[in-house]
Amino acid sequence: MQIHLDAEKCQGHNRCYALAPELFDVDDFGQAVLLEEGDVPADLQEKARLAAANCPEYAITLTD
Ligand code: SF4
């Protein structure tokens, strides 16, 4: 599974960080930052799905 964050869509609600702090951080402007682009480790894939499903801006996309 690959994860991608579209910084242009992100509005900084930080739901992703609250749900999956292993995958996301928040920058000084309150915008989400991916800790690691690309491959999501198997043990974090459920959290990645949760974060993507809860992003109100559809800024997080997952691909196989
Ligand atoms: S939940 Fe979506 S809009 Fe909110 S900070 Fe995370 S990526 Fe950005």
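A short tour of the structure in this document, coming up.

Parameters and conventions
- Residues numbered from 1 in each chain as written.
- Predicted model: local features only at pLDDT ≥ 70, side-chain atom pairs only at ≥ 80, totals over all residues.
- Heavy atoms only, no water.
- Helix = DSSP H or I, 4+ residues; strand = E, 2+ residues; numbered from the N terminus.
- Buried < 20%, exposed > 50% of the residue type's maximum accessible area, 1.4 Å probe, protein only.
- Pairing = 2+ DSSP bridges.
- Contact = heavy atoms within 4.5 Å.
- Axes fitted to C-alpha atoms, helices over the stretch in contact; angles between N-to-C directions.
- Near = heavy atom within 4 Å.
- Nonpolar A, V, L, I, M, F, W, Y, C, P; charged D, E, K, R; others polar.
- Arc of directions from axis to C-beta.
- Core = buried A, V, L, I, M, F, W, Y, C linked by side-chain atoms within 4.5 Å.

**Examining the environment of Asp64**
Moving on, step 1. Here Asp64 lies in the segment after strand E5 (60-63).
Moving on, step 2. Note on Asp64: relative accessible area 93%, which makes it exposed.
Moving on, step 3. Placed 27 residues apart in sequence, Asp64 and Glu37 show a C-alpha to C-alpha distance of 14 Å.

**Remarks on the sheet that holds strand E4 (residues 38-39)**
Each strand in a sheet pairs with its neighbour through backbone hydrogen bonds, running either in the same direction (parallel) or in the opposite one (antiparallel).
Moving on, step 1. With respect to topology, three strands assemble into an open sheet ordered E4-E1-E5, the strand pairing being antiparallel. Every other strand in the sheet has two partners, leaving E4 and E5 as the edge strands with one partner each.
Moving on, step 2. Across four bridges, strand E1 (residues 2-5) lies against E5 in antiparallel orientation. Each bridged residue has a counterpart across the sheet, and for Gln2 the counterpart in E5 is Thr63.
Moving on, step 3. Seen against the sheet, helix H2 (residues 45-54) touches E1 and E5 and runs at an angle of roughly 135° to E5.

**Focus: the environment of Tyr58**
Moving on, step 1. On the secondary structure map, Tyr58 appears in the loop between H2 and E5.
Moving on, step 2. Accessibility expressed as a relative area gives 64% for Tyr58, which makes it exposed.
Moving on, step 3. Sequence-wise, Tyr58 and Lys47 are eleven residues apart; in three dimensions their C-alpha atoms are separated by 15 Å.

**Description of the site of the ligand**
Moving on, step 1. Around the ligand, a shell composed of 13 residues is seen, among which Cys10, His13, Asn14, Cys16 and Cys55 lie nearest.
Moving on, step 2. When grouped by side-chain class, the residues that make up the shell around the ligand number seven nonpolar, four polar and two charged.

**So, H2**
Moving on, step 1. By the burial criterion, the buried members of H2 are Gln45, Ala48, Ala51 and Ala52. End-on, the buried residues of H2 take up no more than an arc of 120°, which puts them together on one face. More than 90 degrees from the buried face of H2, the exposed residues found are Glu46 and Ala53.
Moving on, step 2. Against the buried residues of H2 lie E1, helix H1 (15-19), strand E2 (24-26) and E5.

**A look at the nonpolar core**
Moving on, step 1. In terms of nonpolar packing, the biggest core is built from 18 residues, with Ile3, Leu23, Phe24, Val40 and Ile60 touching the most fellow members.
Moving on, step 2. Elements supplying a minimum of two residues to this core: E1, strand E3 (32-34) and H2.
Moving on, step 3. In terms of residue count, the dominant contributor to this core is H2 (three residues).
Moving on, step 4. With sequence-adjacent residues up to four places away left out, Val40 is seen in contact with Met1, Gln2, Ile3, Leu23, Gln45 and Ala48.

In short, the description is geometric, and any link to function would need to be established separately.
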